[in-house]
Structure formats: C-alpha cells, structure tokens
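Listed below are the residues making up each chain.
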Amino acid sequence: KSTLLKLNLAFDKQMRHYPNRLKRGFTRLGPDYRFDDQVDFSDIRTTFGFRSMVVGKWVTKEERYISANLIYDALADLAQILHLPPRAIGLREKLNFAFGHGGQKGVQAHYNAGSQTLALAKNAGGGALAHEWFHAFDHHISEHLFKVKPRYGFASKLWLSNTPNLMHPLNDALNSFYKEVFLDASGENANEFVQACIKHDQAHNMNYMSMPEEIAARCFEACIYAHPNIKNSFLVDGLQSSNLIYPPAQHTTKANKALNHYFQLLGYALHNLPDKV
C-alpha cells in the first residue's frame with residue numbers, strides 16, 4: 001500500500017464540507033505515509049527533525065487535526081521527492097516550525113533567518129511550504145558552500161558575488177544547480193528567467209521579484225511542482241495562476257536535473273550516515 005501512488009480522495013471529500021481554505025481541502029497524489037492515522041504536531045517535530053514546533057493559540061482543536069495531517073503529508077512528500085531521510089527536513093535540528101503563530105500581516109508564509117523559523121499562516125499558508133522550506137535550506141547551506149558566513153546570508157545571494165568552496169562533491173553539485181537557476185547556456189550571462197524578473201522589478205519600481213533568494217526559491221518550487229508522480233497542493237500550488245514569475249518549462253527541466261543530482265548525493269550520504277543528519 002505504501003508503495004502505490006494514489007489520490008487521497010477520501011480526505012479531499014471530507015475537507016470539502018468546511019468553509020475556510022484550511023478546511024476546504026487540498027489535492028494530493030502520492031504515497032500513503034500515515035495509513036489514515038491522525039498525527040499531531042509533536043509527530044511532525046519528531047519525524048522531520050525540527051528544533052521546535054509552535055502552534056498558535058487561535059488554532060482550534062479541529063484545525064489542529066486537519067493541518068497536522070496536511071503538513072505531515074506535505075513534508076513527507078518533500079522528503080520523498082528530494083531523496084532525503086525525513087529527519088533531514090529539519091536541517092540538523094536547526095529549523096523551527098510555527099503554524100498560525102508569529103506570522104506577518106498579509107503574508108501567507110515566511111522564513112525568518114534571524115530565528116531560523118519557517119512560519120505558515122493558519123488559513124493561507126497552504127501551497128507555500130516548498131518555497132519557504134527552500135529559503136530555510138538556502139540559508140542553512142550557505143555556511144557549508146562559502147567561507148564567508150554572514151548571519152543572515154542566503155547561498156543563492158552569496159553565489160552571485162562569492163566563489164563557492166567546490167572541494168566537496170556535494171558543493172560542486174549544488175553549485176551546478178545555482179548555475180542553472182541564474183545563468184544561460186554560456187555560463188556567462190543572466191538567463192531569460194532572471195532577465196524577466198529584473199525587467200518586472202524595474203517596471204514596477206520594486207525590488208522583490210529579482211532578489212536572488214526569491215528567484216532561487218521560485219525555481220525550486222517549479223522543480224517540486226514538476227514531479228511526475230507526487231502532487232501536493234499544500235506543498236506547492238498556484239504557479240500557473242500566480243502573478244509571480246516562474247521559470248519556463250525548459251529552464252525548469254535543466255534546473256531540476258541539477259537539483260535532483262545534488263539531493264540524490266546528499267540523500268545517499270545521509271542515509272548511510274544517520275548520525276550526521
């Protein structure tokens with residue numbers, strides 16, 4: 001049963017009876033990890049290796065049950081796609097997770113580099129989990145990829161102005177992913193995706209779409225969304241209907257190949273060295 005891909009129709013049907021977005025339901029195609037068991041946020045913390053888990057006081061008991069299952073399945077799908085042992089999602093137990101707590105007004109989800117906290121809004125966080133997890137990873141991995149270690153540095157941003165340490169094969173593989181994110185086939189110029197983001201920000205007198213960490217996170221989202229066998233709208237959703245700029249299919253395919261190679265190598269290392277997770 002756990003090896004078969006299936007659409008969780010029973011869960012989706014149950015959710016359609018509820019009015020708000022959290023309770024309305026999300027579509028999912030993927031392995032059955034829970035076998036219909038109810039999980040709680042303590043299970044999420046233990047399974048995925050988070051440092052801490054905070055749930056807001058305005059999250060009702062019913063919402064807690066629903067959201068815990070959604071988050072558990074989404075993180076399990078993410079680990080499966082990335083070839084990682086589940087506990088690696090918590091980034092060596094450095095990552096904190098908050099649900100319905102400490103959010104920012106008008107923001108469905110965010111990553112706070114200062115506290116290393118991934119936060120999802122109660123009713124609007126669904127669909128943004130992959131994006132925010134990549135911000136956390138991008139921040140976490142910067143100290144391993146570069147000798148320069150600013151406290152709030154993101155590897156994607158540092159990559160544009162610093163030389164990565166390529167002595168380790170994992171770093172070399174990750175470097176290849178960032179190349180696909182930012183550069184064209186020549187390896188010398190910004191690709192069309194990056195140029196489109198820059199033009200958008202210039203036209204709207206803003207600095208968001210072209211921020212390196214946002215470009216990389218949206219590229220990561222596109223890669224996760226493109227997985228042929230696992231689909232989870234709580235993990236990643238809205239790419240086609242969003243006002244944000246995402247990479248075209250050809251770009252995503254190349255970036256995904258590099259991303260997949262990196263995480264395969266990382267997953268292999270972690271599976272064989274569980275004490276290093």
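Shown above is the structure to which this text applies.
As a starting point, this report considers the structure included with it.

### Considerations on the sheet that holds strand β3 (residues 52–55)
So, step 1. One open sheet holds the four strands; their spatial order is β3-β4-β6-β5, and the pairing between them is mixed. Of all the strands in the sheet, the pair left with one neighbour each is β3 and β5 (109–112). Averaged over all neighbouring strand pairs, the angle between strand axes comes to 15 degrees, with direction disregarded.
So, step 2. Across the face of the sheet, helix α3 (residues 41–48) comes into contact with β3 and β4 (96–99) while running at roughly 155 degrees to β3.

### As for the pattern of salt bridges
So, step 1. On inspection of all chains with the given rule, the structure shows six salt bridges.
So, step 2. One salt bridge connects glutamate 63 with lysine 122, and the closest N-O pair in it is separated by 3.2 Å. Of this pair, glutamate 63 sits in helix α4 (residues 61–81) while lysine 122 sits in the loop between β6 (117–120) and α5 (129–140); the two residues are 59 residues apart in sequence, bridging distant segments of the chain.
So, step 3. According to the relative accessible area criterion, glutamate 63 is buried, its value standing at 5%.
So, step 4. In this structure lysine 122 comes out as partly exposed when scored by relative accessible area, which is 22%.
So, step 5. The partner of glutamate 93 in a salt bridge is arginine 87, and the shortest N-O contact between them spans 2.1 Å.
So, step 6. Looking at glutamate 93, the relative accessible area reads 42%, which means it is partly exposed.

Reading the values: the criteria
- Residues numbered from 1 in each chain as written.
- Predicted model: local features only at pLDDT ≥ 70, side-chain atom pairs only at ≥ 80, totals over all residues.
- Heavy atoms only, no water.
- Pairing = 2+ DSSP bridges.
- Helix = DSSP H or I, 4+ residues; strand = E, 2+ residues; numbered from the N terminus.
- Axes fitted to C-alpha atoms, helices over the stretch in contact; angles between N-to-C directions.
- Contact = heavy atoms within 4.5 Å.
- Salt bridge = Lys/Arg side-chain N within 4 Å of Asp/Glu carboxyl O.
- Buried < 20%, exposed > 50% of the residue type's maximum accessible area, 1.4 Å probe, protein only.

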